[in-house]
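If you want the building blocks of each chain, they are given just below.
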Amino acid sequence: MTDLRSALDKYLSMRKGLGYKYEHQTRRLADFVAFMEKRKARVITTKLAMEWATLPPDRHASWALRLSDVRGLRPTDS
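Counting from 1, residues in each chain are numbered in the order their sequence is written. Residue-level local features of this predicted model are given only where pLDDT is at least 70; pairs of side-chain atoms are given and counted only at 80 or more, and the full residue set underlies all totals for whole chains, interfaces and linings. As a convention, hydrogens and water are excluded, and side-chain values are obtained from all of the structure's heavy atoms.

### Considerations on the packing of helix α1 (residues 3-17) against helix α2 (residues 24-38)
Geometry of a packed helix pair, given as the angle between the helix axes and the separation of the axes.
Argument step 1. Convention adopted: a line fitted to C-alpha atoms gives each axis, helices being fitted over their contacting stretch, and angles between N-to-C directions are expressed from 0 to 180 degrees. The way it works is that DSSP assigns letters per residue, a run of H or I at least four long becomes a helix, a run of E at least two long becomes a strand, and they are numbered from the N terminus. At a minimum axis distance of 10 Å, the contact between α1 and α2 shows a crossing angle of 165°. Relative to α2, the element α1 is oriented roughly antiparallel. The hand of the α1/α2 crossing is right-handed. Residues L4, R5, L8, Y11, L12 and K16 of α1 lie in contact with α2, whose contacting residues are T26, L29, A30, V33, A34, M36 and E37.
Argument step 2. Gly counts as polar in this scheme, as do all residues outside two lists: the nonpolar Ala, Val, Leu, Ile, Met, Phe, Trp, Tyr, Cys and Pro, and the charged Asp, Glu, Lys and Arg. When grouped by side-chain class, the residues that make up the contact of α1 with α2 number 9 nonpolar, 1 polar and 3 charged. The scheme is simple: roughly parallel for angles under 35 degrees, roughly antiparallel for over 145, roughly perpendicular for 65 to 115, oblique for anything else. Two helices cross in a left-handed way if the nearer one is turned anticlockwise from the farther one by less than a right angle. They cross in a right-handed way if the turn is clockwise. Pairs of residues are marked as contacts when any of their non-hydrogen atoms sit within 4.5 Å.

See the structure below:
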């Protein structure tokens, strides 16, 4: 398991524990982590988040949702 995938699991567990119903966000964030893993990226950067969020190029309406999802995911060293 990569650090990002571990961070995602912790993040989703915490959010769900607080009562959030992360259904679509869970899928989108898993897609983002897979995107990062494919690029062997270990750090979330604005450039990578924007690259992922603007896929596919013809679905402008979903870009803001995707960026909003990633904004909350901040891996820590703990």
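### Remarks on a nonpolar patch on the surface
Argument step 1. In this analysis, a patch consists of residues with relative accessible area above 30% that form no salt bridge, clustered at 9 Å for like charges and at 5 Å for the nonpolar side chains Val, Leu, Ile, Met, Phe, Trp and Tyr. Working definition of accessibility: Shrake-Rupley area with a 1.4 Å probe, residue cover restricted to the visible protein chains. Whenever Lys or Arg places a side-chain nitrogen within 4 Å of a carboxyl oxygen from Asp or Glu, that contact is recorded as a salt bridge. On the surface, M14, L18 and Y20 cluster together into a nonpolar patch covering about 320 Å² of accessible area.
Argument step 2. Here L18 shows up in the loop between α1 and α2.
Argument step 3. Judged by relative accessible area, which is 59%, L18 ranks as exposed. Buried residues are those whose accessible area, probed at 1.4 Å on protein chains only, stays under 20% of the maximum for their type, while exposed residues exceed 50% and partly exposed ones sit between those limits.

### Observations regarding the packing of aromatic side chains
Argument step 1. By convention, a stacked pair of Phe, Tyr or Trp rings (six-membered ring in the case of Trp) has centres within 6.5 Å and planes under 30 degrees apart, an edge-to-face pair has planes over 60 apart, and any other such pair is tilted. Taken as a whole, this structure holds 4 aromatic pairs when the rule is applied.
Argument step 2. Judged by centre distance (6.4 Å) and plane angle (20°), the rings of F32 and F35 are stacked. You can see F32 and its partner F35 sitting in helix α2, 3 residues apart, about one turn around the helix.
Argument step 3. Under the relative-accessibility criterion, F35 is labelled buried at 7%.
Argument step 4. One aromatic cluster is present, formed by Y11, Y20 and Y22 through successive ring pairs.
Argument step 5. In this structure, R15 packs its charged tip against the face of Y20, placed 3.8 Å from the ring centre. Only when the NZ of Lys or the CZ of Arg is both within 6 Å of the ring centre and within 35 degrees of the ring normal is a charge said to sit over the ring.

### Digging into the pattern of salt bridges
Argument step 1. According to the stated counting rule, one finds 4 salt bridges in the structure shown.
Argument step 2. We note a salt bridge from D69 to R28, for which the minimum N-O separation is 2.3 Å. Here D69 is found in helix α4 (residues 60-72), whereas its partner R28 is found in helix α2, with 41 residues between them in sequence. Both residues of the pair, D69 and R28, count as buried.

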